[in-house]
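What follows is the residue order along each chain.
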Number of protein chains: 2
Amino acid sequence: MNTDSFPSQILENAVKEFSQLPGVGRKSALRLVLFLLKQEKNDVLRFSDALKKLCEEIVYCKVCYNLSDTEVCDICSSTKRDHSTVCVVENIKDVMAIENTQQFFGVYHVLGGIISPMDGIGPDDLTIKPLEDRVNSGEIKELIFALPTTMEGDTTNFYLFRKFNNHDIKITTLARGVSIGDELEYTDEVTLGRSLINRTPFESSMKL
Amino acid sequence: MNTDSFPSQILENAVKEFSQLPGVGRKSALRLVLFLLKQEKNDVLRFSDALKKLCEEIVYCKVCYNLSDTEVCDICSSTKRDHSTVCVVENIKDVMAIENTQQFFGVYHVLGGIISPMDGIGPDDLTIKPLEDRVNSGEIKELIFALPTTMEGDTTNFYLFRKFNNHDIKITTLARGVSIGDELEYTDEVTLGRSLINRTPFESSMKL
């Protein structure tokens, strides 16, 4: 679409901002902006304000590096959580996914990425140093690695394992196995093989 | 996705705003917000500001009802345009499409919709009264109807035709015919039939 034909600079600016979002092209951006123009003025102002707050007020929790409204996030400051069990995850979406299970009562450590030499991300780009400090403080009894099952995830797992294996803490990782609802014939060999080796007593499979 | 698991109210608010956009679900909204969080603070502030301006400063041109930064839009205030030829369109996207052709040198009238009883949109919901005033002012020599080729578009065409037929103005509509690049065998009968009836001298087809 020719940018010259925008009837209004304000409109063009708004379209330009939307079209910088991932997966939003110029035509979709125009559609979204025209949608907003039809909304109540206050609704659009609230949208604008939400974005302003997003970049000005949100912070990373100084303990676990999760996103937070306060210096220390709700999870890290909760007295109901087990602060000696730390689940190490890649990003905040993983925290949300685990919180949604309502099965974890420990705290988190958000790495902010995983080691990926191809993308130029090394250990120093992640929050591994602060994790070391947490471990060194002696308050942590167990680290649960909940990283992606990709090559980069495995690399990060091994790096962290080597770093913390000589400490007096338990290091665990998420159980791998056949997902609930999966058909055996479509499950890959590695997963199926591992789920046979790590088979669990039938009673424990009924807990959830 | 459970809303309880958002680690931050600010984050949740931003996700909520994005998920109200058409075609954006909660998961996509979260993806967009996390993308914005990775951007420079100034970029997000500019986005926020663009939205604020969008709802506070943009106006409808008081002549043609196109979106505009000023009381009278650039097209309506241009001395290079032919103000006696008015192209009647449904919405601003149509203005942009026609401007992109660079083949129209008249001015516009944006109806803001088309007559659609099914959606509860009648003539009074559109800018037909202001169009009448423009016609009555005697400055208009030709009205070009450039409305969609749908039932609602045709209804609106007939309504406008009946209203303005007794005035001393020329009323025209966009030529219908086989689109450039279309194959004859896939063109519908009505279009093909009309394009035969309204066949044009070969020389004029080479103008564009």
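Definitions and limits used
- Residues numbered from 1 in each chain as written.
- Chains lettered and ligands numbered in written order.
- Predicted model: local features only at pLDDT ≥ 70, side-chain atom pairs only at ≥ 80, totals over all residues.
- Heavy atoms only, no water.
- UniProt positions renumbered as here; feature names shortened; annotations may be inferred.
- Helix = DSSP H or I, 4+ residues; strand = E, 2+ residues; numbered from the N terminus.
- Contact = heavy atoms within 4.5 Å.
- Polar contact = N/O pair within 3.5 Å; in protein donor to acceptor, adjacent residues only side chain to side chain.
- Domains from an automatic or database assignment.
- Pairing = 2+ DSSP bridges.
- Axes fitted to C-alpha atoms, helices over the stretch in contact; angles between N-to-C directions.

Within an unreviewed UniProt entry, the label attached to chain A reads Recombination protein RecR, and the organism entered is Plebeiibacterium marinum. You can read under Sequence similarities (unreviewed entry) in the UniProt record for chain A the words "Belongs to the RecR family."

(A) Highlighting the environment of glutamate 99 of chain B. Turning to its location among the elements, glutamate 99 of chain B is positioned in helix H5 (residues 92-101). Leaving out residues up to four positions away in the same chain, glutamate 99 of chain B has contacts with Ser5 of chain A together with Ile75, Arg81, Phe104 and Tyr108 of chain B. Within the structure, glutamate 99 of chain B has its side chain in polar contact with the side chain of tyrosine 108 of chain B (distance 2.6 Å).

(B) Molecular detail of the domain arrangement of chain A. Segmentation of chain A into domains returns domain 1 (3-42) and domain 2 (80-174). Computed over C-alpha atoms only, the centres of domain 1 of chain A and domain 2 of chain A are separated by 40 Å.

(C) Spotlight on the sheet that holds strand E5 (residues 142-145) of chain B. All names here are of chain B. If you trace the 4 strands from one edge of the open sheet to the other, you get E4-E3-E5-E6, paired in parallel fashion. With partners counted over all chains shown, the strands left at the sheet margins are strand E4 (106-110) and strand E6 (170-173), one partner each. Strand-to-strand twist across the sheet, computed as the mean angle between neighbouring axes with direction ignored, equals 25°. Alignment of E5 against E6, held across 4 bridges, turns out to be parallel. Each bridged residue has a counterpart across the sheet, and for glutamate 142 the counterpart in E6 is lysine 170. Strand contacts of H5: strand E3 (82-89) and E4, with the helix running at about 160° to E4, the strand carrying the most contacts. This element, helix H6 (residues 128-136), spans E3, E4 and E5 of the sheet and lies at about 150° to E4.

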